[in-house]
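Fold and contact review
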Amino acid sequence: MYEWLLFAHLLGVAVLLAGLGVHVVSVERLRQAPSVNDLRVLQASARYGERLVFIGAGLLVTAGLTLAARFWSFRDGWIATSIGLVVAQGVAGSILGRRMERLRGALESAPDGAPTADLTVLARDSVLHASSRISVAIIVEILFLMSVKPAF
């Protein structure tokens, strides 16, 4: 049973990282998009990455919590810290999602051609880009904890 749960947990990690990669690259490229059509393509790509993140996170968390409950302990510092970081990741993702929804809404009614000043502001939103980078940092921290399992 342990091997199957570990496999599911690692598969969740792989899917989450694939989705995060697509999402982060798409969000970062929003800054230089020369046209509304390019913004639409990048926004759609980011949304696809977001879906992969949700699928991977669901698998990762379900298998991870089961592993912790059956084979480890929630009192282990690395597990408790990782759970806290998963919650922080959810907060960062929520902020990112709201900002992307604003951009998505603005793109629905935007005419083709060069982006308007309002669209450019939304695509270059510093909070959007900061929360994307924070998500990457949180995932790196979680990977460190899962790999090294430091004693706190």
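Structural data are supplied above this passage.
Definitions and cut-offs
Residues numbered from 1 in each chain as written. Predicted model: local features only at pLDDT ≥ 70, side-chain atom pairs only at ≥ 80, totals over all residues. Heavy atoms only, no water. Axes fitted to C-alpha atoms, helices over the stretch in contact; angles between N-to-C directions. Helix = DSSP H or I, 4+ residues; strand = E, 2+ residues; numbered from the N terminus. Parallel < 35°, antiparallel > 145°, perpendicular 65-115°, else oblique. Left-handed = near helix turned anticlockwise from the far one by under 90°. Contact = heavy atoms within 4.5 Å. Nonpolar A, V, L, I, M, F, W, Y, C, P; charged D, E, K, R; others polar. Patch = residues over 30% accessible without salt bridge, like charges linked within 9 Å, V, L, I, M, F, W, Y side chains within 5 Å. Areas by Shrake-Rupley, 256 points an atom, 1.4 Å probe, with all protein chains shown as cover. Salt bridge = Lys/Arg side-chain N within 4 Å of Asp/Glu carboxyl O. Buried < 20%, exposed > 50% of the residue type's maximum accessible area, 1.4 Å probe, protein only.

1. With respect to the packing of helix α1 (residues 2-29) against helix α5 (residues 126-148)
Put simply, α1 and α5 touch, their axes get as near as 10 Å, and they point 155° apart. On the basis of their axis angle, the class for α1 and α5 is roughly antiparallel. The chirality of how α1 crosses α5 is left-handed. Taking contact as the criterion, the partners of H9, V13, L16, L17, L20, V24, V27 and E28 in α1 are, on α5, L128, H129, S132, R133, S135, V136, I139, L143 and M146. Considered class by class, the residues forming the contact of α1 with α5 number eleven nonpolar, four polar and two charged.

2. Considering a nonpolar patch on the surface
A cluster of nonpolar residues, L65, F74, I83, V87 and V91, forms a patch on the protein surface that exposes about 420 Å² of accessible area. Counting residues per element, the nonpolar patch draws most heavily on helix α3 (residues 77-109), at three residues. With respect to the helices and strands, I83 occurs in helix α3.

3. What to know about the environment of R31
Residue placement: R31 occurs in the loop between α1 and α2 (36-71). Its relative accessible area of 29% is what places R31 among the partly exposed residues. Note: C-alpha distance between R31 and A114 (83 residues apart in sequence) is 13 Å. With sequence-adjacent residues up to four places away left out, R31 is seen in contact with A123, R124, H129 and R133.

4. So, the packing of α3 against α5
Two elements in contact, α3 and α5, have axes separated by 9 Å at closest approach and are oriented at 160°. The orientation of α3 with respect to α5, classified from their angle, is roughly antiparallel. Taken as a pair, α3 and α5 cross one another with a handedness that is left-handed. Of the residues in α5, those in contact with W78, T81, S82, L85, V86, A88, Q89, A92, I95, L96, R99 and M100 of α3 are V127, L128, S131, S132, I134, S135, I138, I139, E141, I142, L145 and M146. The class makeup of the residues in the contact of α3 with α5 is 16 nonpolar, six polar and two charged.

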